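# Examining the three-dimensional arrangement
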Amino acid sequence: MSAPAIVLLVVFLVVPFVLSIGFAFTDQRLIPNPNLPTSFVGFRNFVRLITDSTFQRALRNNFTFTLVVVPVQTALALAMAMLVNTRVRGTNLFRTIYFSPVVITMVVVSIVWYLLYNPDQGFINRTLRTLTFGHWPNVRWLQSTFWALPAIMILSVWQGVGFQMVIFLAGLQDIPTELYEASDVDGATRRQKFFHITLPQLRNTTLFVVISTTILSFKLFHQVWVMTRGGPQESTMTAIVMMYRQGFQQGRVGYASAIAVLFFCMVLIVSLLQRTVLKEERAVD
Amino acid sequence: MAHEAKRGPMSLARRTRRSASTAVLYALLIVLALYFLFPTVFMVVSSLKTDELQLMADMGGVRGFIPYGEIGLGNFQRVFQEMAFGRFFFNSVFILVMTVGIGLLVNSMFAYSLARLRFRGRAILVSVVVALIIVPTESVVIPMLLMVNTVGWIDSYQVQIVPFVADAFSIFLFYQFFIQVPKDFDEAALIDGAGYWTVYARVILPLSRPVFASVAILQGIQHWGRFLWPLMVTRGETYRPLPVAIQQFFSQDPKAWGSIFAFATMTTIPLLILFLVFQKWFVQSVASSGVKG
């Protein structure tokens, strides 16, 4: 009964994973050249990667993206979850609307936003200009080395935040109402309730949201590939875009595998941090 | 009674404050709703505008969100005439149905045996599955490309289906659900002489509809949008799925925005309708993907 799943997991996850570690230490190419057999190159790929300015740029972009998107998206998701968790009419409708971008494919989202970001006629610049009474400069969003990454951040949050909102909503609904009732008796303010009941009770949910959003931000590829292909001047280059370019477009499997291995290490470190923090929490209990 | 009378004026003041804060709440809810709706509305409305010049002129303001002027299905017709849209659509649906369908069976069977059968190394297998959840597809695609290339799977359906059938996270969701099903149910059946297969099919499956729906929805959203892998393993139009097809159509210059939006709308509508119809299930499945606090 377990055989099909085990075989598939081994062949399509474990084997390629082990292979990528192996390839990272070779100069393996996508289309083998009979005159140049693949050979073991030790840590050469990794040494080159660390000194490769494109990779440095990719890492910096990945970290910038993560450091901005994760806090913003988590806070927004929590705020939205609390808004739709209030007892007023129509919250179901609002929840549906906020969640709807989640079911829109990222490639489509990127294409629609590409036109919204149009510098001259696009809706975003026009609206910002109206809201600031004409003071908003003509920002060339996706063609600007400064604005391209923030532009991609905005649409990523737009598409993904509904998912985290629903997870927070589930967390909020798991908080025993007695806690709030008891605090009412004690005359707690709304602010006190938020910091002393809601946030501590949502601790594990928040951690989960933070970790999963972090991993998603590391994987950043679709939006970038559709909108900027890593440009202008590598200002939106990411680890996965670089891996795709090196491994698929240039056929340098060894080098791309080294990127994949480092990428995996980043994801692993984040996940291990999650486990440690969660375990500490349990130990305290 | 006296008590009530004393509370009267206070509750009036409180009521005014409450209705003021309700107004603020609604204002916030509506502003957010506009923010989450406008790109989708813009896409659908623009897809109906058959006059490209009007579409471009309208898009900077409110008129970009109002269907007026030359409205029709011309853009949709053009998408069908100028490219193999039907083919791309079929490819995406076929790949999704096969991957999710076979995946439900394979992953739930494995999870069932992890949750119920006693065999050596079971505990280790469970932790291996949990560990595999964090291995992202992105980190294995390059060697996998080399593997499928060797066996001649490039440009086919199986290359887009088979690698994604088994999924560690789905197995984990099934496992979590199955261990909560009381064992008395299947033990009663086992005593009656049923085999493990019968128990799985007759006892476990009917009890587990919610988790099957959750896994199907979470996997479905993911497969419908899959992009990086098909970009690498499809060559011609025959096996190309929607995301790759629309990206290639989008990167052609000059851009025919009306048709691009018609394509985008047709890519989005099926999942959007499924979501609106099975909303409760979608929300529950996403909620179930989070950790329990």
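Quick caveat, the model's predicted, so the values are computed rather than measured.

Attention shifts here to the overall build of chain B. In terms of regular secondary structure, chain B is built from 15 helices and zero strands. Relative to the 2.2 N^0.38 estimate, which gives 19 Å for 293 residues, the radius of gyration of chain B is 26 Å and therefore markedly larger than a compact globule would have. Seen through its C-alpha atoms, chain B measures out along the principal axes to roughly 80 × 70 × 35 Å. Buried residues in chain B amount to 41% of all 293 residues. Taking the contacts inside chain B whose residues are at least 6 apart along the sequence as the reference set, 74% of them involve residues at least 24 apart.

This paragraph deals with the environment of B:Arg14. As for its position among the elements, B:Arg14 is in helix α1 (residues 2-48). Expressed as a C-alpha distance, the spacing of B:Arg14 and B:Asp192, which sit 178 residues apart in the sequence, is 65 Å.

Let's shift gears to helix α11 (residues 209-224) of chain B. All names here are of chain B. For α11, with 16 residues, the first-to-last C-alpha span of 22 Å sits near the 22 Å given by 1.5 Å per residue. Val-211, Ser-214, Val-215, Ile-217, Leu-218, Gln-219, Ile-221, His-223 and Trp-224 are the residues of α11 that are buried. Lining the buried residues of α11 we find α4 (85-116), α7 (158-165), α8 (168-178), α14 (257-277) and α15 (279-289).

It is worth spelling out the nonpolar core at this point. Among the nonpolar cores identified, the biggest contains 155 residues, and A:Ile111, A:Val112, A:Met165, A:Met243 and B:Ile246 are the most heavily contacted of them. Three or more residues apiece are contributed to this core by two domains, here domain 1 (2-72) and domain 2 (81-289) of chain B.

Residues and elements named next belong to chain B. Across chain B, pLDDT averages 87, with 95% of residues at or above 70. The element-level mean pLDDT for chain B is lowest in helix α9 (residues 183-191), coming to 79, with α7 highest at 95. Contacts of residues 1-7 to residues separated by more than four positions or lying in other chains number zero contacts, the stretch itself having pLDDT below 50. Across the whole predicted complex the pTM is 0.89, and at the interface the ipTM reaches 0.88.

Residue and element names in this part refer to chain B. For chain B, the assigned domains are domain 1 (2-72) and domain 2 (81-289). One C-alpha centre belongs to domain 1, the other to domain 2, and the line joining them spans 36 Å. Taken together, the contacts link nine residues of domain 1 with seven residues of domain 2. Counting only elements with at least two residues in the side of domain 1 that touches domain 2, the list comes to α1 and α2 (52-58).

Taken together, the contact between chain A and chain B spans 71 residues of the former and 67 residues of the latter. The leading source of residues in the side of chain A that touches chain B is helix α1 (residues 3-23) of chain A, at twelve residues. In terms of residue class, the side of chain A that touches chain B is made up of 52 nonpolar, 16 polar and three charged.

This part covers the packing of helix α5 (residues 106-116) of chain A against α14(B). Remark: α5(A) packs on α14(B), axes separated minimally by 10 Å, with the N-to-C direction vectors making an angle of 145 degrees. As for how α5(A) packs across α14(B), the hand of that crossing is left-handed. Each of A:Val108, A:Ile111, A:Val112 and A:Leu115 in α5(A) lies in contact with α14(B), whose residues at this interface are B:Trp257, B:Ile260, B:Ala264, B:Thr267 and B:Thr268. Residues of the contact of α5(A) with α14(B), tallied by class, amount to seven nonpolar, two polar and no charged.

With that settled, the discussion passes to unusual backbone geometry. For the bond from B:Asp253 to B:Pro254, the omega torsion is -5 degrees, close enough to zero to count as cis. Along the chain, B:Pro254 falls in the loop between α13 (242-250) and α14. Backbone geometry places A:Arg229, a non-glycine residue, at a positive phi of 55 degrees. With respect to the helices and strands, A:Arg229 occurs in the loop between α11 (222-227) and α12 (239-249). The backbone of A:Gln233 sits at a positive phi, close to 50 degrees, despite the residue not being glycine. Owing to 10 C-beta atoms within 10 Å, A:Gln233 belongs among the exposed residues under this scheme.

Rules used in this analysis
- Residues numbered from 1 in each chain as written.
- Chains lettered and ligands numbered in written order.
- Predicted model: local features only at pLDDT ≥ 70, side-chain atom pairs only at ≥ 80, totals over all residues.
- Helix = DSSP H or I, 4+ residues; strand = E, 2+ residues; numbered from the N terminus.
- Rg over C-alpha atoms; globule rule 2.2 N^0.38 Å.
- Buried ≥ 20, exposed ≤ 12 C-beta atoms within 10 Å, placed from the backbone.
- Contact = placed C-beta atoms within 7 Å.
- Expected span 1.5 Å × (residues − 1).
- Core = buried A, V, L, I, M, F, W, Y, C linked by C-beta atoms within 7 Å.
- Domains from an automatic or database assignment.
- pLDDT = per-residue confidence, 0-100.
- Nonpolar A, V, L, I, M, F, W, Y, C, P; charged D, E, K, R; others polar.
- Axes fitted to C-alpha atoms, helices over the stretch in contact; angles between N-to-C directions.
- Left-handed = near helix turned anticlockwise from the far one by under 90°.

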